[in-house]
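One letter stands for each residue in the lines below.
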Amino acid sequence: MFVGALRYSSPAMRTWMFVLLTMAASSNLTAFAAEKMTAAQLISLAQSHSAALVDGINATFAPKELQEGTAWAGQGHDFFFALQSTAPPALFIDGVAGPQMQSLSANGLWYAVGRIEELGKLHAFYYQVAGAKFGGRLDLPAFGPDSYLQAGVPSGKLSEKMIFNSKIYDGMQSEYWVYVPAGYNPKVSAALMVFQDGGGYIHRDGNNPALNVIDNLIAQKKIPVMICVFINPGDVTDAPGTPTYLSVQAYAAQWHRTLKDSMRSTEYDTVSERYVRFLRDELLAEVSAHYNIRKDAYSRAITGLSSGGICAFNAAWQMPDQFSRVISWIGSFTSIQWKEDPAIPDGGQDYPEKILREPAHNLRVWLQDGANDQENDRYGSWPLANIRMANALKLKNYDFHFSFGQGTHNSGHGAAEFPAEMTWLWRDYDPSKINQTYEIDPAEKTKPPFRVSIANRDM
């Protein structure tokens, strides 16, 4: 409205209205910068040399991130980096000199706008300050277009958070959400996918934008229409005195972990069928009462990260008639729950041997981990555990894929590749079938087992 009025008003009126417009824009920028901003918003302020950029940076990043050199924001190819430094810093992306850092203020605030060409992959950055390497992250995901909801692609509907009360884990309450894609027809049975630590996947603008990927790939017919269940670890805080509470409380006291964290480990890290019974007989039975979901394992997938990663594999291994497709990010195939229950002989570290020695299971498995994942003095090595898992699956001719990079115990790598993971996991899916015998990819079969080299020592 102001733009049209400026064109046809008198010179004095145009001057006055221009002042009002400038004041309004300045006010909007200040309010805008007071809130956390996206990469695109920060980059726009930087390119326009806006005075609001300083406020935008301070509102978006924690002081610790700026001081430690770990502050970044990205969208597609475009990235924004910020750093607090008294000396001029130099930015390096994937080991190569990046764009020149720009000084913003006398108190040492610097920024740079960069571009990363390869999408759907994990990248890394760091700085050089006074000749020394400083800050940075090994987990810099560059999301491809399928991780952002595309124009014309209909969005599904995410339910409100719901609470389920378990009897299998007596007294445990679990938060969960159900996602129904736009193409769901109640008269046609839909595929199913279950996400552990589900609350971390439900935000379209978050670190794991799974809903965008699901909508885009369904629209492209790369994956089937599927009901997705996002479930958080349970909580027994309000059930003192129950057997589950007492066992989880004892575990928490022994290992100095919180009650909620110990409940998560009891569910996710235990090598038994208890958790998948909870899914089959309780939670999914409840969801299936409201949605038309296929019962065949061929049409069911399960995923998770860290302890949720081993949980997903364990569920499919224990009951391959319930799930046949698995994605594990930074999976904890380690000894976290080993011998905590005398009645359960195995721990997560035993899964490579179980794959080698026990009868074959009809599974398709995507594993992801990074060379800089955890080395834990209590539970073992996450990278070596995942390499052992991959080699066991390979030696027994499972249909598997192993994506191994340089990342840490972080979801960035898995999330960046999630469109590729889902496309691979559901490739050749035929809704007219209820089973398929999975076979190792011929190209994978001709490759040698994974080998380890030591890269962080002077040899």
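Up top is the structure these notes are about.
Just so it is clear, the model here is predicted, and its values are computed rather than measured. (Residues numbered from 1 in each chain as written. Predicted model: local features only at pLDDT ≥ 70, side-chain atom pairs only at ≥ 80, totals over all residues. Heavy atoms only, no water.)

Participant: Can you lay out the pattern of salt bridges for me, pointing to particular residues and giving the numbers?
Facilitator: Side chains that differ in sign of charge can pair as their charged atoms come close. Within this structure, the stated rule accounts for 16 salt bridges. Taking the shortest distance from any N to any O, the salt bridge between Asp-215 and Arg-204 comes out at 2.8 Å. Remark: Arg-204 occurs in the loop between strand E12 (191–196) and helix H6 (210–219) and Asp-215 occurs in helix H6; sequence separation between them is 11 residues. You can call Asp-215 buried: its relative accessible area is 3%. A relative accessible area of 27% places Arg-204 in the partly exposed class. It is possible to trace a salt-bridge network through shared partners that takes in Arg-364, Asp-399, Arg-427 and Asp-428. (Salt bridge = Lys/Arg side-chain N within 4 Å of Asp/Glu carboxyl O. Helix = DSSP H or I, 4+ residues; strand = E, 2+ residues; numbered from the N terminus. Buried < 20%, exposed > 50% of the residue type's maximum accessible area, 1.4 Å probe, protein only.)

Participant: Go over the packing of aromatic side chains, please, and point to the residues and values.
Facilitator: Applying the stated criterion to the full structure yields 27 aromatic pairs. Seen from their ring centres, Phe-92 and Tyr-126 are 5.2 Å apart, and the 5° between their planes marks the pair as stacked. With Phe-92 in strand E3 (residues 89–93) and Tyr-126 in strand E7 (residues 121–129), this pair connects stretches of sequence that are 34 residues apart. No difference in accessibility class separates Phe-92 from Tyr-126, as the two residues are buried. These aromatic residues form a ring-pair network of at least three members: Trp-72, Phe-79, Phe-81, Phe-125 and Tyr-127. One cation-aromatic arrangement involves Lys-354 over Tyr-351; the distance from NZ or CZ to the ring centre is 5.9 Å. (Phe/Tyr/Trp six-rings, centres within 6.5 Å; stacked < 30°, edge-to-face > 60°. Lys NZ or Arg CZ within 6 Å of the ring centre and 35° of its normal.)

Participant: Break down the nonpolar core for me, citing the residues and quoting the values.
Facilitator: Among the nonpolar cores identified, the biggest contains 56 residues, and Val-194, Phe-278, Leu-279, Phe-313 and Phe-323 are the most heavily contacted of them. Aside from chain neighbours lying at most four places away, what touches Phe-313 is Val-326, Phe-333, Tyr-351, Ile-355, Leu-363, Val-365 and Met-389. The next biggest cluster of nonpolar side chains, apart from the first, holds 33 residues, and it includes Trp-329, Ala-415, Trp-424 and Tyr-429. (Core = buried A, V, L, I, M, F, W, Y, C linked by side-chain atoms within 4.5 Å. Contact = heavy atoms within 4.5 Å.)

Participant: Quick rundown of the sheet that holds strand E6 (residues 109–115)? Include the residues and the values.
Facilitator: In spatial order, the strands read E1-E2-E6-E5; together these 4 strands make up an open sheet with antiparallel pairing. If you trace the sheet from one side to the other, it starts and ends with strand E1 (71–75) and strand E5 (102–103), each paired once. Where strand E2 (residues 78–84) lies against E6, 7 bridges are found, and the strand directions are antiparallel. Across the sheet, residue Phe-80 finds its bridge partner in E6, namely Val-113. Lying on the sheet, helix H3 (residues 39–47) is in contact with E1, E2 and E6; it crosses E2 at an angle near 70°. Each of E2 and E6 is contacted by helix H4 (residues 53–60), which is oriented at about 85° to E6, the strand it contacts most. (Pairing = 2+ DSSP bridges. Axes fitted to C-alpha atoms, helices over the stretch in contact; angles between N-to-C directions.)

Participant: Which residues make up the state of the cysteines, and what values go with them?
Facilitator: The tally for this structure, following the rule as stated, stands at 0 disulfides. The thiol of Cys-228 is not disulfide-bonded; the next cysteine sulfur, from Cys-311, is found 16 Å away. Accessibility expressed as a relative area gives 0% for Cys-228, which makes it buried. Look at Cys-311 and you get buried, because its relative accessible area is 2%. (Disulfide = S-S within 2.5 Å.)

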